[in-house]
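Fold and geometry: a report
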Amino acid sequence: MSDTEAVLDHHLEAFATQDLEAVMADYTAGSTVVTNLGVFRGLDEIEGLFADLFDEFGQEGSTIDVDDTIVEDEFAYLLWHGETPDNVYGFCTDTFHIPAETIEFQTFAGNIEPKH
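Residues numbered from 1 in each chain as written. Predicted model: local features only at pLDDT ≥ 70, side-chain atom pairs only at ≥ 80, totals over all residues. Heavy atoms only, no water.

Looking at the secondary structure, you find Ala16 in helix H1 (residues 3–16). Between the alpha carbons of Ala16 and Thr63 there is a distance of 9.7 Å; along the sequence they are 47 residues apart. (Helix = DSSP H or I, 4+ residues; strand = E, 2+ residues; numbered from the N terminus.)

When you line up the elements, Thr93 lands in strand S5 (residues 87–97). Residue Thr93 is classed as buried on the basis of its relative accessible area, which comes to 13%. (Buried < 20%, exposed > 50% of the residue type's maximum accessible area, 1.4 Å probe, protein only.)

So, about the packing of aromatic side chains. Inspection of every chain in the model, using the stated rule, returns 9 aromatic pairs. On the numbers, 6.4 Å between centres and 70° between planes, the contact of Phe57 with Trp80 is edge-to-face. Of this pair, Phe57 sits in helix H3 (residues 42–57) while Trp80 sits in strand S4 (residues 75–83); the two residues are 23 residues apart in sequence, bridging distant segments of the chain. Judged by centre distance (5.0 Å) and plane angle (45°), the ring pair of Phe57 and Tyr89 falls under tilted. Here Phe57, found in helix H3, pairs with Tyr89, found in strand S5; they are 32 residues apart in sequence, far enough to count as distant. The residues Phe57 and Tyr89 share a single accessibility class, namely buried. An aromatic cluster of three or more residues is present, and its members are Phe15, Tyr27, Phe50, Phe54, Phe57, Trp80, Tyr89 and Phe108. (Phe/Tyr/Trp six-rings, centres within 6.5 Å; stacked < 30°, edge-to-face > 60°.)

Let's shift gears to H3. Over its 16 residues, H3 runs 22 Å from end to end, which matches the ideal 22 Å to within 8%, given 1.5 Å per residue. Where H3 is concerned, the buried positions are Gly42, Ile46, Leu49, Phe50, Phe54, Glu56 and Phe57. Down the axis of H3, the smallest arc covering the buried residues is 160°, so these residues share one side. Exposed residues lying more than 90 degrees from the buried face of H3 are Asp44, Asp52 and Asp55. (Expected span 1.5 Å × (residues − 1). Arc of directions from axis to C-beta.)

One pass over the full model with this rule turns up 1 salt bridge. With a closest N to O distance of 2.6 Å, Glu83 and Lys115 form a salt bridge. With Glu83 in strand S4 and Lys115 in the segment after strand S6 (105–114), this residue pair connects regions lying 32 residues apart in the sequence. Taking the relative accessible area as the measure of exposure, Glu83 reaches 34% and is therefore partly exposed. (Salt bridge = Lys/Arg side-chain N within 4 Å of Asp/Glu carboxyl O.)

Another aspect to go through is the side chain of His97. Among the secondary structure elements, His97 is positioned in strand S5. By relative accessible area, which is 15% here, His97 ends up buried. For His97, the side chain forms a polar contact with the side chain of Glu74, separated by 2.7 Å. Other than its neighbours up to four places away in sequence, His97 contacts Glu74, Phe75, Thr102, Ile103, Glu104 and Phe105. (Polar contact = N/O pair within 3.5 Å; in protein donor to acceptor, adjacent residues only side chain to side chain. Contact = heavy atoms within 4.5 Å.)

Next up, the structure:
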């Protein structure tokens, strides 16, 4: 298993169990996450992003299904969909740049439809 695969597996497991401390171990002060909701730089901003995601996906009845995972050298790509009581995440992608043992750069894009 490559470093990229190992970090991605750890990240997905930590997200699934909503372990904020474990998720944050995958990032550094120099990490950046770019989303359609904004750009999150450094540990404090990224932690705030994941705390909000855990609040939403921690609600009863929430689901996430990974449809495809592609790892190529130090890059990883996820295609996924999910649902929470508030939103339908219809077509979502994350791309990760993992040059060593942490996520240096991540992008997210998704079709998020509010239920209400």
